[in-house]
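Notes for the structure review
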Amino acid sequence: MLRSRLTSTIRQRGGDGPSRWITPGHQERPNGYFLNRTPLPPGQSRKWEDWELPCYVTSFLTIVILGVGLNAKPDLTLETWAHQKAVERLEAQRQILAAADDSD
């Protein structure tokens, strides 16, 4: 049903030839290679596709920004706040005791 709707839409728009959305694949079955790519001849290197360099650069920068940003964020946990308050109270008590001992 979807295929018939797509072909009828293409015909209504005046499209010439088959659409990339409804044409069957070029192979009958997978050929056993990774991503169905045949290996290159020896001594020949694979050419990068247009999307690879921006994708790799963006991924690298994302990892760097997250690594720096997450390590530099302030520690706002409840345990840290409670520890700081406890240390402040102990210091205040020590100062009061020290002042009381000095006055005696």
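Predicted model, so just to flag it, every value in this text is computed and none were measured.

About the cut-offs
- Starting afresh in each chain, residues are numbered from 1 along the sequence in its written order.
- Note on the predicted model: pLDDT of at least 70 is required for a residue's local features to be given, and 80 or more for side-chain atom pairs to be given and counted; whole-chain, interface and lining totals, by contrast, use all residues.
- Side-chain measures were taken over the full set of non-hydrogen atoms in the model, leaving aside hydrogen atoms and water.
- Secondary structure elements follow DSSP: runs of H or I of four or more residues count as helices, runs of E of two or more count as strands, with numbering from the N terminus.
- For each residue, the accessible area found with a 1.4 Å probe, counting protein chains only, is set against the maximum for its type, and the residue is called buried under 20%, exposed over 50%, and partly exposed in between.
- Here, Shrake-Rupley sampling with a 1.4 Å probe gives the accessible areas, and only protein chains in the shown set may cover a residue.
- Distance and chemistry together define a polar contact, namely a pair of N or O atoms within 3.5 Å, with one atom able to donate a hydrogen and the other to accept it when in protein, and with adjacent residues in sequence counting only for side-chain atoms on both sides.
- Between 30 and 60 degrees the pair is tilted, below 30 it is stacked and above 60 it is edge-to-face, where a pair is any two Phe, Tyr or Trp rings, Trp via its six-membered ring, whose centres lie within 6.5 Å.
- One side-chain nitrogen of Lys or Arg within 4 Å of one carboxyl oxygen of Asp or Glu is enough to make a salt bridge.
- The predictor's confidence in any single residue is recorded as pLDDT, a number from 0 to 100.

Of the regular secondary structure elements, the protein holds three helices and zero strands. Tracing the protein from N to C terminus, the helices and strands come up as α-α-α. Among the 104 residues that make up the protein, the fraction classed as buried is 4%. Of the roughly 10400 Å² of accessible surface on the protein, a fraction of 60% belongs to carbon and sulfur atoms.

Take the side chain of Glu-52 next. Mapped onto the fold, Glu-52 is located in helix 2 (residues 52–72). Within the local environment of Glu-52, its side chain forms a polar contact with the side chain of Arg-46, the two groups lying 3.1 Å apart.

Looking at where Arg-94 falls in the secondary structure, it is placed in helix 3 (residues 78–103). A relative accessible area of 52% means that Arg-94 is categorised as exposed. A distance of 2.9 Å separates the side chain of Arg-94 from the side chain of Glu-91, its partner in a polar contact.

It is worth spelling out the packing of aromatic side chains at this point. Counted under the stated rule, the structure contains one aromatic pair. Taking the centre distance of 5.4 Å and the plane angle of 80° together, the rings of Trp-48 and Tyr-56 count as edge-to-face.

In this section: the pattern of salt bridges. Counted by the stated rule, this structure contains four salt bridges. In this structure, Lys-85 engages Glu-88 in a salt bridge whose closest nitrogen and oxygen atoms are separated by 3.7 Å. With Lys-85 and Glu-88 both in helix 3, this residue pair falls three residues apart, about one helical turn. The exposure class assigned to Glu-88 is partly exposed, which follows from its relative accessible area of 47%. Linking Glu-91 and Arg-94 is a salt bridge whose minimum nitrogen-to-oxygen distance equals 2.9 Å.

This paragraph deals with the confidence of the model for the protein. Low pLDDT marks stretches whose predicted atomic positions should not be read closely. Confidence along the protein averages 83 in pLDDT terms, with 69% of residues attaining 70 or more. The weakest mean pLDDT in the protein belongs to helix 1 (residues 2–13) at 59; the strongest belongs to helix 2 at 96.

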